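Examining the three-dimensional arrangement
If you want the building blocks of each chain, they are given just below.
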Amino acid sequence: MAGVANTWGYGAMTNSLNDIRHSKLVFMIGSNAAEAHPVAMQYILHAKEVNNAPVIVVDPRFTKLAAKATDYVRIRPGTDTAFVMGLINQIVSNGWHDEEFIRARVAGFPEMVKVASHYTPEVVEDITGIPASEVVRIAKLMATHRPGTVVWCMGGTQHSIGSSNTRAFCILQLVLGNMGVSGGGTNIFRGHDNVQGATDMCVLSHSLPGYYGLKDGSWKHWCRVWDVDFDWIKSRFHSKEYMNKKGFTLARWYEGVNQDDKITQYTPIKALIQWGCAGNSNSQMAKVKKAMDKLELVVIVDPFAPAMSAWGDKDNVYLLPCSSQYETSGSLTSTSRQFQWRFKVVDPVYESRDDYAIMAELVKRLGFADKFYKNIKQVPEDITREICKGTLTIGYNGALPERIKKHTLNWHTFDIDTLEAKGGPCDGEYYGLPWPCWTETHPGTPILYDISKPVARGGLPFRARFGTKITYKDGRTENLLAAEGVANPGSKVKGGYPEFKDIVPGTNWKTDLSQKTIKEAISRGMAPFGNARARCVVWTFPDQVPVHREPLHSPRPDLIAKYPTYADKPDHYRVYTKFKSEQNPELVKKFPFVIITGRMVEHMGGGAETRGNKYLSELQPEMYAEINERTANNLGIMHGQMIWIESPDGGRIKVKAKVTDRVDEHTIFLPFHFAGEFEGKSLMDRYPKGLEPYVTGESANVVTNYGYDIITQIQATKDGLCSVTPA
Amino acid sequence: MARKKIFNNSIPGKRSRRVTINPRMARRSFLKLSAAAAAVSTAALAPTLTRKVSAQTKAKEPYPGSKKVKTICTYCSVGCGIIAEVQNGVWVRQEVATDHPVSRGGHCCKGAGAIDMVTSEKRLKSPMKRVGGKWQKISWDQALDEIAAKLLEIREQDGPDALHFNGSAKVSNEMAYLQRKFAAFWGSNNIDHQARI
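Reference entry: report on the structure contained in this document. (Residues numbered from 1 in each chain as written. Chains lettered and ligands numbered in written order. Predicted model: local features only at pLDDT ≥ 70, side-chain atom pairs only at ≥ 80, totals over all residues. Heavy atoms only, no water.)

Re the overall build of chain B
To keep things clear, this is the line we draw: Here a strand is any run of E in DSSP of at least two residues, a helix any run of H or I of at least four, and the numbering for each starts at the N terminus. To sort residues, take the accessible area from a 1.4 Å probe on protein chains only and compare it with the maximum for the residue type: under 20% means buried, over 50% means exposed, and anything in between is partly exposed. Contacts are assigned to residue pairs that have any heavy atoms within 4.5 Å of one another.
Scanning chain B from terminus to terminus reveals four helices and seven strands. Secondary structure elements of chain B occur, N-terminal to C-terminal, as α-β-β-β-α-β-β-α-β-α-β. When burial is assessed residue by residue, chain B has 51% of its 197 residues classed as buried. Once local pairs closer than 6 in sequence are excluded, the contacts in chain B between residues at least 24 apart make up 32%.

Dropping the structure here:
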């Protein structure tokens, strides 16, 4: 998401699932929506069958989604940037790019084209394994079917160059002029039900809610919202430095315990709260297991006994039963940025308590309840109101609890084609008030950066987030605001403009809690955040324009020499993170296969919920590894036989071989939902008695490799190496 | 274009091959076949079928005194609508929401069994603590008192950054917000969740 936000302002899906009905082409790279987002398929298939849209699926594996594709492109894992820059190169060198769109709304185009020109069809073939003729053919398809949409998921992001991949996808859409239009956009399908909302609330170590960051100004903003003294919050921290310093991430928190890589924090981590999060989703999972025994306190809050409850030998673990989300209420944000109210169905079952109640009891005992709940009397509605009060950056402020409930209760009044209510109590509003929802009467923004509509009716330009002018390395200076004459209908300024500030002296549109600034902007027909260009060059990233870099554990020593990874990063979210020192061209000799992981439709995430469901467990009862026929035959492995898979980092799992040509002969695929077995041994007797999952299996993440994104530190689970032997 | 071909396999060295036939044709032949099958089975099983239909009609009647609650599936980010039927505080049945503007009555196998999230016997039933390697039931008060005391002790000895908090993309916006706010008030940025991975 960092790559996307750094291109045009916000890191979220730009259009909506329903809007794919208007696509003339669907390009899906690193997504298996048929299993991960099955109900979204109706819109993809609508585009395919009604619009005759080509559905291009780019994936190392012939997935269930690929089975629905018109064009399947098999790509070598971790080479998305090379392929997409190759497409861009083809599009531009044939003159198929949208010149007017680029002139008016894009920055850094010539600089980007220069980099892309390296990726000729032949170079792309060498890196990605995609035939040169296919690169040319797909580029032409995309040029002749507009508007097209680009969809991706974790297959695009879980790489050491994940944030280059996502930027390349964005640039592709800019070059084609597919942004800000119905049927176009970058439609990033998010995973869990509320991953968009939880990201917006910034349950993240680098930001406060609403992407405000960790600078003093951000803290002061939220202190005003919370109605607490800035100095009191400061006094809660070890020192001011740690208030502004990014914390450990989910990907590598355990290094704060194990310290296999050097940490940059004054103390090791000694206690862990794991609240609604699966431990078996971490790559190099054995390290998480090891950390559990070093911690002094582990608190697991979950509706089911998760994988972690069967790990560890120390008496340091508590299991707290929270209710499911059907036993409480609150809002959530779908992948299409839509708010919905999840009404409570029943009271918490057994002795479980809902999340809010557990948090309240904990905070009370830790001694800061009076300050924490200062504005919160009615739960959860007063919390929603506090969120609305402070989260101005992404326009949560108009999505008041009463409005969200009204939408959910009247969902039948919305048109499936436009998502606009036809009459009824929500007349003229878009379903779920897709953010930004700027005011208490704003209808929501169904398509981001759409300059065909007035801002008050859901239109927007690109966000002015990166200054107003830039001088590139080659000396060229460019205005970063949109060109003359390019603005939303009704805008008082006919062209680019910077963000709004000083309407209320000393504040800007993000920090003016009276919201006068936002209202003033809207009344002038303008976007509070300005009207700028999307950028192809991100001068704060190590690769200013996306370039290919080989995965840390690459099967191609020759390409490591040509496209080496980054230098090591000594303080990457408080831990030394290896890049160059981890990239070893010899590794492939012992570990000749590439490992990728993914979902199955019957299970979800770490699988505690779905493997605790007897029906789903019956449908998909077993862990397996997909292995190509030719590979299996060469290794003497029969379909259904047990095999050992080993990673260069020391992890090993014993799983059943599924011999199939869904994967090519270099690749092994593993579903990642299983747990309860570890390195060939069952952990069943370690769960609380009677609460063991119906099905267990080895966790794929025991053998996923070392490797993290250079910007976000997302783990590289889609491009490591492994070896395979019959068990 | 979509109907004409298609599946272009990009495995080097393999020729492109066509794998789907015209879907219209396929559908038509399927309909013919199923019509024939229906005719046969109706003739043969008519009495059974009649009984089944009436049983079905009865099954569609609401549970006495029940209410219907609109809610949202907890699995993926599509956000499908669910209509839950609740009788005397018990979730007795779920229905698809055919009028939901995104899911339009669609469900995957997980969402179709949303009710099992509440009815599963595998749900954690009370707070537990591991003692001597065995899981032991404890009260909420004991659990929370002990956890809070230990957290305060660690905070005192090692500082607030000795705690790491992994929050969730599976809770409401309000709860996600409270998780982030908790870390802020505790005094650490060591908080993260699934969006990172």
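Remarks on the overall build of chain A
Put simply, the rule is: Computation of the radius of gyration draws on C-alpha atoms, with the globule rule given as 2.2 Å multiplied by the number of residues to the power 0.38. Only the protein chains shown count as cover for residues, with accessible areas throughout obtained via the Shrake-Rupley method and a probe of 1.4 Å. Positive charges are assigned to Lys and Arg, negative charges to Asp and Glu, while His and the chain termini are left out of the count. Charged side chains are reduced to one point each, which is NZ for Lys, CZ for Arg, CG for Asp and CD for Glu.
Of the regular secondary structure elements, chain A holds 25 helices and 25 strands. Against the globule reference of 27 Å for 727 residues, chain A gives a C-alpha radius of gyration of 25 Å, in line with a compact fold. Viewed in the frame of its principal axes, chain A has a C-alpha envelope of about 70 × 65 × 50 Å. For chain A, the proportion of its 727 residues judged to be buried stands at 69%. Sequence-distant contacts, at least 24 apart, represent 69% of the contacts inside chain A between residues at least 6 apart. A total of about 22100 Å² of accessible surface is found on chain A, and carbon and sulfur atoms cover 52% of it. Between the centroid of the 85 positive side chains of chain A and the centroid of its 79 negative side chains there is a distance of 4 Å.

Thoughts on the pattern of salt bridges
Opposite charge on two side chains makes pairing possible when the charged atoms of those side chains draw close. How we decide: Salt bridges are identified by distance alone: a Lys or Arg side-chain nitrogen within 4 Å of an Asp or Glu carboxyl oxygen.
Across all of its chains, the model carries 52 salt bridges over all chains by this definition. Several salt bridges converge on common partners, so that one network encompasses Arg252(A), Glu255(A), Asp261(A), Lys287(A), Lys578(A) and Glu582(A).

A word on the sheet that holds strand 1 (residues 67–72) of chain B
Residue and element names in this part refer to chain B. Heads up, the condition is: Think of it this way: DSSP has to see at least two bridges between two strands before they count as a pair. A fitted line through C-alpha atoms represents every axis, and for helices the fit uses only the stretch in contact; the resulting angles, taken between N-to-C directions, go from 0 to 180 degrees.
Read across the open sheet, the three strands follow the order 1-2-3; overall the sheet is antiparallel. Two strands in the sheet have a free side with no partner beyond their single neighbour: strand 1 and strand 3 (90–96). Neighbour to neighbour, the strand axes of the sheet diverge by 30° on average, direction disregarded.

Notes on the side chain of Thr667(A)
Residue and element names in this part refer to chain A. Here is the rule we go by: Any pair of nitrogen or oxygen atoms within 3.5 Å is treated as a polar contact; in protein, a donor-acceptor pairing is required on top of that, and neighbouring residues in sequence qualify only through side-chain atoms on both sides.
Along the polypeptide, Thr667 turns up in strand 21 (residues 667–671). We classify Thr667 as buried; its relative accessible area is 3%. Here the side chain of Thr667 touches Asp664 through a polar contact of 2.6 Å, side chain to side chain. With sequence-adjacent residues up to four places away left out, Thr667 is seen in contact with Val594, Ile596 and Glu626.

Functional significance is not addressed by these values, which are geometric in nature.
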